[in-house]
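Letter by letter, the chains look like this.
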Amino acid sequence: MKGMVFTQLIEMADTMLGPDQVEAIIAKADLPSGGAYTAVGNYPHSEAVTLVGAFSEASGVPVPALLEGFGEHMLRFFHSNYPAFFSTCPDAFTFLESVETYVHVEVKKLYPDAELPRFSTYRMGPGRLRFDYYSSRHLENLAAGLIKGTLKLYNEYAVVTHDSIEGEHGPCVRFLIDKTTSSIQPSA
Amino acid sequence: MIPQEHTPADPVLLARRLDRERRARLESERLLEAKSRELHLANQDLAQLNTRLEARVAERTHELEVARQDAVKASAAKSEFFAHMSHEIRTPLNGVIGAAALLRNDLTHPQHLTLIDTVTSSADILLALVNDVLDFERIESGRLEFFPAPFDLPSVIARCGELFGPSARAKGLELVLSCRLPDSLLVVGDTLRLQQVLVNLVGNAVKFTRTGKVTLTVEPQPRNPGESSRYQFSVADTGPGLDVEQQARLFQPYSQAGRNPADRKGGSGLGLVTCERLVTLAGGKLELQSRPGIGSVFTFTLTLPEALIVGHHAAPSALSIPKDVNSLRIVIADDVKTNVDVLNLILCRMGHTVTPYLSGLEAIEHVQTKPADLVFLDLHMPTVDGFEAARRIRAIPNVGARIGLIAFTADAQVETNDACLAVGFDACLHKPIRPTLVKETIARVYAKRSV
């Protein structure tokens, strides 16, 4: 898993729990890497699972909610660090569609060994997008956070529902994103 | 520098975080170093690839250049072969045509006259075939040049009438010349090539039409002030016409070769293709409208600017040719005895006194010691060729400038004319030598030299 996920997870935890507690958690977790993460490195997925579990326990925030919050945090991080990916997309649906076809392509150019989830999108109508998430890591809550973060970034409203199904390329989590005109907050 | 909100207050935890951050930095530096090395190697690979590609491009370019040179050499060799063969074929043809023309005057028996006419027309066809192939080869190899000069457009049309009138009448066809031009109109263009196209089109029309008529029309085209004059030429017939498939094949070279022998009408099958290429090279477009059973119309338009006439240097026209001259003292030099004999006979019958030689050197010596009005020189002779002989004759004090010099050659190249004029010839006759042309040329050259 890309080191950037770990560095951002710790940064979010610092804000949630404070650096003292985060450092104590890392020390206690006894991670193979020792927690010395760099954004450009690669680290075992298991370390992320350990850290998320530990942060959830310490904060009292259930793992799914914590992952969703992390998804929104990651989206804000991407937007401030890689604005070029967003500048060509006029709305949330366009950006979500471009993640697989453009963002992941560019990431692969820089990091050919990066293991990325697979997204498949389909416009079901002018205000409805189908967004399928394929990954053996089952981080669908993180994906939901990314979707919601995107909607917030573009100041758009939508109802987001998801379901585990057998998709075109195997088992996946299918998100249905229905735009609304009112400010009904997106719900999982 | 770690931001304040990410700094633990506990010194032990702070030390841990700093240690973690330091190790992360070292790890990122290692990764960066590895990535840099990877980039460097990739760059080296790219540079090598680039060098290899450049080498391959150079190699391929060289191969192409060699292939091009080979092709150019092969093409030049082919052209040379064509020119040589043409010369070789024309030389004996000259003998046949000339001898037949002379023999015809001595014959009275109708059967003999028919036979001698067959000889003449067969030789003419053979000559036309050689010319067709040679012309086409010259066009395809891009060596065909146009030589624009002032000429009288109505006489070109009239000549077509004279040429095909008899054969049309013999078939019961009407040959109509519709020339909507003044009686005399000097324009600038390559008269030889225009005539070639018209002769081909009218000749074909007469050949393929069984009943009805063939019409050659020339019309000036409307133009704005300042624009050069343009003329539309059309040749219409009431012949069998062509279906769409035949029309598509018409301007394809060698299309006659694949046809059913029963459908062939003689000729090289290159005539129309040559016409189409010539018209295109002259800036026009040869177009065909045809309907089976109705007939065909070939049309093209050419820009032929009007000639400016300055002083007495007007273009030669039929009127400017002096009257017949005879009793001239003429010297001939040609290394081929048949040619000498034919020309000798032609000139003698015109009433001239002829001294024939088989070498250029002898002709020069003759001119140096004895009086002469005209010298006919074959261009290709061993030891002293026609060009050299002309130069030497022109250099003879007092005499050289007064003598008329006429080149005669089996070369088909039009470029030869310029080369002849450059060394001092007054005219250049291409074999086979025709009595009428010889007469006309002698009159013109003699008039020029005796002024």
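Residues numbered from 1 in each chain as written. Chains lettered and ligands numbered in written order. Predicted model: local features only at pLDDT ≥ 70, side-chain atom pairs only at ≥ 80, totals over all residues.

1. Thoughts on the overall build of chain B
No. 1: When helices and strands are tallied, chain B shows 11 helices and 12 strands.
No. 2: Each of the 451 residues in chain B was classed as buried or not, and the buried ones make up 27%. (Helix = DSSP H or I, 4+ residues; strand = E, 2+ residues; numbered from the N terminus. Buried ≥ 20, exposed ≤ 12 C-beta atoms within 10 Å, placed from the backbone.)

2. Examining the overall build of chain A
No. 1: In terms of helices and strands, chain A carries seven helices and four strands.
No. 2: Mapped in sequence order, the helices and strands of chain A form the string α-α-α-α-α-α-β-β-α-β-β.
No. 3: The buried share of chain A, reckoned over its 188 residues, is 31%.
No. 4: Here the analysis covers contacts within chain A between residues at least 6 apart in sequence; of these, 60% occur between residues at least 24 apart. (Contact = placed C-beta atoms within 7 Å.)

3. Digging into the interface of chain B and chain A
No. 1: Counting from both sides, the interface comprises 15 residues of chain B and, opposite them, 14 residues of chain A.
No. 2: In the side of chain B that touches chain A, the residues fall into five nonpolar, three polar and seven charged. (Nonpolar A, V, L, I, M, F, W, Y, C, P; charged D, E, K, R; others polar.)

4. Some points on the packing of helix α1 (residues 3-17) of chain A against helix α4 (residues 63-81) of chain A
Residue and element names in this part refer to chain A.
No. 1: Look at α1 against α4: their axes get within 10 Å of each other, and the N-to-C directions meet at 110 degrees. Considering their axes alone, α1 and α4 lie roughly perpendicular with respect to each other. The hand of the α1/α4 crossing is right-handed. Together, Gln 8, Leu 9 and Met 12 of α1 and Phe 70, His 73, Met 74 and Phe 77 of α4 make up the contact between the two elements.
No. 2: Here the residues of the contact of α1 with α4 sort into five nonpolar, two polar and no charged. (Axes fitted to C-alpha atoms, helices over the stretch in contact; angles between N-to-C directions. Parallel < 35°, antiparallel > 145°, perpendicular 65-115°, else oblique. Left-handed = near helix turned anticlockwise from the far one by under 90°.)

5. Considerations on the packing of α1 of chain A against helix α2 (residues 19-29) of chain A
Residue and element names in this part refer to chain A.
No. 1: Where α1 meets α2, the closest approach of the two axes is 7 Å, and the angle between their N-to-C directions is 125 degrees. Compared by their axis directions, α1 and α2 come out oblique. Each of Ile 10, Ala 13, Asp 14 and Leu 17 in α1 lies in contact with α2, whose residues at this interface are Pro 19, Gln 21 and Val 22.
No. 2: Among the residues making up the contact of α1 with α2, the classes are represented as five nonpolar, one polar and one charged.

6. Digging into the pairing of strand β7 (residues 295-303) of chain B
Residue and element names in this part refer to chain B.
No. 1: Bridging between strand β5 (residues 230-237) and β7 involves eight bridges; their strand directions are antiparallel. Note on β7: the bridge partner recorded for Arg 230 is Thr 303.
No. 2: In terms of strand pairing, strand β6 (residues 287-291) meets β7 through five bridges, oriented antiparallel. What sits directly across from Ser 290, in β7, is Ser 296.
No. 3: Linking two consecutive strands that pair antiparallel, namely β6 and β7, is a turn of three residues; a positive phi of about 85 degrees is found at Gly 293 within it. (Pairing = 2+ DSSP bridges.)

7. Quick notes on the sheet that holds strand β4 (residues 170-180) of chain A
Each strand in a sheet pairs with its neighbour through backbone hydrogen bonds, running either in the same direction (parallel) or in the opposite one (antiparallel).
Residue and element names in this part refer to chain A.
No. 1: Pairing in this open sheet of four strands is antiparallel, and the strands run β1-β2-β4-β3 from one edge to the other. Pairing within the sheet leaves two strands with one partner each, and these edge strands are β1 (118-125) and β3 (157-167). Pairwise comparison of adjacent strand axes, ignoring direction, gives a mean angle of 20 degrees for this sheet.
No. 2: Summarising the sheet, β1 and strand β2 (residues 128-134) pair through seven bridges and their orientation is antiparallel. Counted as the bridge partner of Arg 118 is Tyr 134 from β2.
No. 3: Where helix α6 (residues 92-110) meets the sheet, it contacts β1 and β2, and its direction lies at approximately 145 degrees from that of β1.
No. 4: Sheet contacts for helix α7 (residues 140-153): β2, β3 and β4; angle to β3, the most-contacted strand, approximately 150 degrees.

8. Describing the sheet that holds strand β4 (residues 213-220) of chain B
Residue and element names in this part refer to chain B.
No. 1: Judged by pairing direction, the sheet is mixed, and its five strands sit side by side in the order β2-β4-β5-β7-β6 without closing on themselves. The open sheet is flanked by β2 (174-179) and β6, the only strands paired with a single partner. In this sheet, adjacent strand axes meet at a mean angle of 10 degrees when their direction is disregarded.

9. Some details on the confidence of the model for chain B
Residues and elements named next belong to chain B.
No. 1: For chain B, mean pLDDT is 84; residues scoring 70 or higher make up 91% of the total.
No. 2: Low pLDDT, under 50, characterises residues 257-264; the stretch is placed with three contacts to residues that sit more than four places away or in other chains.
No. 3: Confidence drops under pLDDT 50 across residues 309-323; counting only partners more than four residues distant or on other chains, this segment forms 19 contacts.
No. 4: Scored as a whole, the predicted complex attains pTM 0.46, and scored at its interfaces, ipTM 0.78. (pLDDT = per-residue confidence, 0-100.)

10. Brief notes about helix α3 (residues 45-59) of chain A
Residues and elements named next belong to chain A.
No. 1: Under the 1.5 Å per step criterion, the end-to-end length of α3 is 21 Å for 15 residues, consistent within 8% with the ideal 21 Å.
No. 2: Taken together, the buried positions of α3 are Glu 47, Ala 48, Leu 51 and Phe 55. End-on, the buried residues of α3 take up no more than an arc of 100 degrees, which puts them together on one face. Exposed and facing more than 90 degrees away from the buried side of α3 are Ser 46 and Glu 57. (Expected span 1.5 Å × (residues − 1). Arc of directions from axis to C-beta.)

11. With respect to helix α4 (residues 191-208) of chain B
No. 1: Taking 1.5 Å per residue as the helical rise, α4 of chain B with its 18 residues ought to reach 26 Å, and the 25 Å between its terminal C-alpha atoms agrees with that figure.
No. 2: Residues of α4 of chain B that are buried include every one of Thr 191, Arg 193, Leu 194, Val 197, Leu 198, Asn 200, Leu 201, Val 202, Asn 204, Ala 205 and Val 206 of chain B, and no others.

12. Looking at unusual backbone geometry
No. 1: Despite not being glycine, Asp 30 of chain A shows a phi value in the positive range, around 50 degrees.
No. 2: Assignment of secondary structure puts Asp 30 of chain A in the loop between α2 and α3.
No. 3: Classification of Asp 30 of chain A as exposed rests on a count of 9 C-beta atoms within 10 Å.
No. 4: Positioned with a positive phi, Thr 383 of chain B is a non-glycine residue whose angle comes to about 65 degrees.
No. 5: Tracing the sequence through the fold places Thr 383 of chain B in the loop between β10 (374-378) and α9 (386-394).
No. 6: Judged by the 10 C-beta atoms lying within 10 Å of it, Thr 383 of chain B is exposed.

13. Observations regarding the nonpolar core
All names here are of chain A.
No. 1: In this structure, Leu 9, Leu 96, Phe 131, Tyr 133, Ala 143, Ile 147 and Phe 175 are the most contacted members of the largest nonpolar core, which totals 41 residues.
No. 2: Each of domain 1 (3-61) and domain 2 (91-180) gives at least three residues to this core.
No. 3: The residues touching Ile 147, leaving out its near neighbours within four places in the chain, are Leu 96, Phe 131, Val 160, Phe 175 and Ile 177. (Core = buried A, V, L, I, M, F, W, Y, C linked by C-beta atoms within 7 Å. Domains from an automatic or database assignment.)

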